[in-house]
Amino acid sequence: MAVRVRFAPSPTGFLHIGSVHTALFNWLFARHEGGEFLLRIENTDTSREVEAATDQIQESLRWLGLDWDGEVTFQLDRMPQAQEVANRLVAEEKAYEDDGAIRFRMPDEGATAWDDLILGRIEYPNEKLEDVVLVRSDGRPTYNFVSPLEDMLDGITDVIRAQDHVPNTPKQLQILAAIGAELPRYAHVPLLNGPDGKKLSKRHGAITVEEFRAAGFIPEALLNYLALLGWSYDDHTEVMSRDELIQRFSLERVGKSAATFDYEKLIHLNGLYLRTLPPDEYADRLVAYLREQGYDWHEDLVRKVAPLVQEKIATLGEFPGFARFFFERVPPVEPLEDGAVLPVAAEVLAQVEPFEAATIEAALRELAERLGLKPRQAFQPIRLALTGSKGSPGLFESLELLGRDESIARISAPGSGFGGASGSSAR
Ligand code: GLU
């Protein structure tokens, strides 16, 4: 039988990266097995917030390329059915009314056990299982009731979810058995910790898909990185395309212990992915990213600057800081120590023909020699006057791109002309 799995986020806000991790493992499993990956929103009401969160979840999954099969389903739609089943369980004396709520009668003896596909055999003594509420006194069914019920109704074969749901599993197994359902297999994937070993949270940095997107990570790098958290193909392969991940993924190689989310490693991997993009595609991504982030920098110029930064930045989010000077004048980060070289450099630049990186470089090197300066000594003030910064894209390429007039203007009057006269950003 083909496998069928589901990703069942609660619509409580932006999609947490830990949830995406779970979604990814479900998706890889389904695609590897040629099965189905369903998206179920575990809503219990229909407020505006829920609607916004639901849209957000789908948008994040789409951006990541985690496509789901069929229509999105909503837990709320199953409420009437859930109430019916609860009433049936009461009639069969498998559940009982208690202060207006309906509670499930857990067995007191024996144990509830399952063979977790990741954690192995797990056994809970039944005496430890409390009689869980199936339907609250206000008529709303609980997660521990509707979620397994939906798994049954949807024909879910494998419940793949985060390890914090392990304690729910014996309860859900008992409920499913009482309903007479065929039991799914369970696989509980490792949780994610921050670098300090504590549960990954806002304190550690970006945690929602939107935040990673806004910081300029690209989906293929993010997915590749998430796949390596708690799963490995072998003991050394790290860079894997989407297709390779699908081909190689198996639950057997998912580990048991919590994985550490290492932001540095993600940045490194993102840089690797960015550098290997074909130049045109790199420019496309950059243009799309800047538009999304509200920059109104001219697209043609962004495309011209793109090749100068592709080797140098690890996230698209570094672009504005690194390349802003192409779009507007940027005040120097520190005072010019010795600007004596600048007027002479301006004169030299006025003469260079053609005004191209190679000829500019030759002319400025010759100038440095003539003044008895080391290239670094001569070029650093020029760089600072031109870009505002001490680390920038290649100086000669930058001069070429800025053009003769603008370059000379900046070098002749360093520290003037700010305020966006030559360009503007929306933020
Ligand atoms: N809504 C639950 C969550 O977001 C899903 C739990 C499950 O997969 O059963 O954690």
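### Brief notes about the site of the ligand
Then step 1. The ligand sits among Arg6, Ala8, Pro9, Ser10, Glu42, Tyr143, Ser147, Arg161 and His165.
Then step 2. Arg6 places a polar side-chain atom, nitrogen or oxygen, 2.7 Å from an oxygen atom of the ligand.
Then step 3. In the model, an oxygen atom of the ligand is placed 2.8 Å from a nitrogen or oxygen of the His165 side chain.
Then step 4. Protein chains shield 79% of the accessible area of the ligand, which is 300 Å² for the free molecule.

### Topic: the side chain of Thr54
Then step 1. Structurally, Thr54 is set in helix α2 (residues 48-64).
Then step 2. For Thr54, a relative accessible area of 4% gives the class buried.
Then step 3. Polar side-chain contacts of Thr54 include one of 2.6 Å to the backbone oxygen of Val50.
Then step 4. Apart from residues lying up to four places away in sequence, Thr54 is in contact with Pro11, Ile41 and Phe74.

### Some details on the sheet that holds strand β3 (residues 73-74)
Then step 1. With parallel pairing, 3 strands are arranged side by side in an open sheet as β1-β2-β3. One side of each edge strand has no neighbouring strand; the edge strands of this open sheet are β1 (4-7) and β3.
Then step 2. Bridge analysis of strand β2 (residues 36-41) against β3 gives 2 bridges, and the strand direction is parallel. Residue pairing in the sheet places Arg40 in a bridge with Thr73 of β3.
Then step 3. Sitting on the sheet, α2 is in contact with β1, β2 and β3, with an inclination near 155° to β2.

### Looking at the packing of aromatic side chains
Then step 1. One pass over the full model with this rule turns up 15 aromatic pairs.
Then step 2. For the ring pair Tyr295 and Trp297, a centre distance of 4.7 Å and an interplane angle of 45° mean the geometry is tilted.
Then step 3. Taking the relative accessible area as the measure of exposure, Trp297 reaches 8% and is therefore buried.
Then step 4. In this structure an aromatic cluster arises from ring pairing among Phe212, Phe217, Tyr225, Phe261 and Tyr263.
Then step 5. Over the ring of Tyr233 we find Arg248, and its NZ or CZ is 4.4 Å from the ring centre.

### Some thoughts on the environment of Glu397
Then step 1. With respect to the element layout, Glu397 can be found in helix α16 (residues 395-402).
Then step 2. For Glu397 and Gly255, which are 142 residues apart along the polypeptide, the C-alpha to C-alpha distance reads 48 Å.
Then step 3. Sequence-distant contacts of Glu397, that is, excluding residues within four places in its chain, are made with Leu308 and Ala357.

Rules and cut-offs
- Residues numbered from 1 in each chain as written.
- Predicted model: local features only at pLDDT ≥ 70, side-chain atom pairs only at ≥ 80, totals over all residues.
- Heavy atoms only, no water.
- Near = heavy atom within 4 Å.
- Polar contact = N/O pair within 3.5 Å; in protein donor to acceptor, adjacent residues only side chain to side chain.
- Areas by Shrake-Rupley, 256 points an atom, 1.4 Å probe, with all protein chains shown as cover.
- Helix = DSSP H or I, 4+ residues; strand = E, 2+ residues; numbered from the N terminus.
- Buried < 20%, exposed > 50% of the residue type's maximum accessible area, 1.4 Å probe, protein only.
- Contact = heavy atoms within 4.5 Å.
- Pairing = 2+ DSSP bridges.
- Axes fitted to C-alpha atoms, helices over the stretch in contact; angles between N-to-C directions.
- Phe/Tyr/Trp six-rings, centres within 6.5 Å; stacked < 30°, edge-to-face > 60°.
- Lys NZ or Arg CZ within 6 Å of the ring centre and 35° of its normal.

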